[in-house]
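Topology and contacts: notes
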Amino acid sequence: KYPWHILDVWKTIFGNTEIMIKKSAEIAESATIKGNVVIEDGVRIFENAVISGPCYIGKNTIIANNALVRDSHIGGNCVIGFSTEVARSYLADHVWTHSNYIGDSVILNNVSFGAGCATGNLRLDDGNVFVNIKGEKTDSGKNKLGLICGENVRAGVNTSFMPGVKVGNNSFVGA
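From a predicted model like this one, the values you see are computed outputs, not experimental measurements.

With respect to the overall build of the protein chain
Within the protein chain, the secondary structure is distributed over one helix and 25 strands. Relative to the compact-globule value of 16 Å for 175 residues, the protein chain shows a C-alpha radius of gyration of 15 Å, a close match. Sorting the 175 residues of the protein chain into buried and exposed places 47% on the buried side. A fraction of 24% describes how many contacts in the protein chain between residues 6 or more apart in sequence connect residues 24 or more apart. Of the roughly 8500 Å² that the protein chain leaves accessible, carbon and sulfur atoms contribute 51%. Charge centroids of the protein chain, computed over 16 positive and 16 negative side chains, lie 4 Å from each other.

Shown next, in the form of structure tokens:
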């Protein structure tokens, strides 16, 4: 019913997935792959990256040096850039990051985060995160929920998103 439900559905579907790494995937010797992961064709995982399952990494995606991806879905043709952490999130296709933190978020297609962007996912009082749905504050039922982001979005460097914020399609968020 709500965008954040994809996080629970994804975890249910991929939580018991068998390990599957396509032969055309290139994984650096110093990279760490643990848990149930699916790594598709054309994926490149660079030095010191960590993939901690359950995770799905889509076709032709790059996981750069020192990146950490855990409990997440990363779509096709994405770049999880240098020193980026993606935790418990759903990223669709063509998402670009660089030195970012993406936590407990739902990110749709063709989104680019400038260096240093972060998604806040926890309220200071540890309470449930509320989301504005049609002008009304709706309790997500989660104490951790980050950004809900539409398609074709660009976020400037060092942009910070508070827990439960929504960004609509075709938006530019200034630095």
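That shown, we press on.
Section: the packing of aromatic side chains
Within the structure shown, the criterion is met by two aromatic pairs. Ring geometry for tyrosine 2 versus tryptophan 4: centroids 4.7 Å apart, planes at 10°, classification stacked. Residue tyrosine 2 is classed as partly exposed on the basis of its relative accessible area of 24%. Note on tryptophan 4: relative accessible area 2%, which makes it buried.

Describing unusual backbone geometry
Looking along the chain, the bond that leaves glycine 53 and enters proline 54 is cis, with omega of 10°. As for its position among the elements, proline 54 is in the loop between β6 (50-52) and β7 (55-57). Backbone geometry at arginine 88 places phi at a positive 50°, although glycine is not the residue there. Inspection of the secondary structure assignment puts arginine 88 in the loop between β12 (85-87) and β13 (90-91). The class for arginine 88 is partly exposed, based on a relative accessible area of 24%. One non-glycine residue with positive phi stands out, namely asparagine 110, at about 60°. Of note, asparagine 110 is situated in the loop between β16 (106-107) and β17 (111-113). Residue asparagine 110 is classed as partly exposed on the basis of its relative accessible area of 29%.

Observations regarding the sheet that holds strand β22 (residues 153-155)
Here eight strands make up an open sheet; going across it, the order is β2-β5-β8-β11-β14-β17-β22-β25 and the pairing parallel. Where the open sheet ends on each side, the last strands, each with one partner, are β2 (26-27) and β25 (172-173). Both β22 and β25 contribute to a ladder of two bridges, which runs parallel. Each bridged residue has a counterpart across the sheet, and for alanine 155 the counterpart in β25 is valine 173.

Some thoughts on a nonpolar patch on the surface
A grouping of Ile6, Val9 and Ile13 is seen on the molecular surface, where their side chains present a nonpolar patch of about 240 Å² in accessible area. Relative to the helices and strands, valine 9 is located in helix α1 (residues 5-14). The class for valine 9 is partly exposed, based on a relative accessible area of 42%.

A few points about the side chain of serine 72
Along the polypeptide, serine 72 turns up in the loop between β9 (68-70) and β10 (73-74). A polar atom in the side chain of serine 72 sits 3.0 Å from the backbone nitrogen of serine 89.

Rules behind the numbers
- Residues numbered from 1 in each chain as written.
- Predicted model: local features only at pLDDT ≥ 70, side-chain atom pairs only at ≥ 80, totals over all residues.
- Heavy atoms only, no water.
- Helix = DSSP H or I, 4+ residues; strand = E, 2+ residues; numbered from the N terminus.
- Rg over C-alpha atoms; globule rule 2.2 N^0.38 Å.
- Buried < 20%, exposed > 50% of the residue type's maximum accessible area, 1.4 Å probe, protein only.
- Contact = heavy atoms within 4.5 Å.
- Areas by Shrake-Rupley, 256 points an atom, 1.4 Å probe, with all protein chains shown as cover.
- Lys, Arg positive; Asp, Glu negative; His and termini not counted.
- Charge placed at Lys NZ, Arg CZ, Asp CG, Glu CD.
- Phe/Tyr/Trp six-rings, centres within 6.5 Å; stacked < 30°, edge-to-face > 60°.
- Pairing = 2+ DSSP bridges.
- Patch = residues over 30% accessible without salt bridge, like charges linked within 9 Å, V, L, I, M, F, W, Y side chains within 5 Å.
- Salt bridge = Lys/Arg side-chain N within 4 Å of Asp/Glu carboxyl O.
- Polar contact = N/O pair within 3.5 Å; in protein donor to acceptor, adjacent residues only side chain to side chain.

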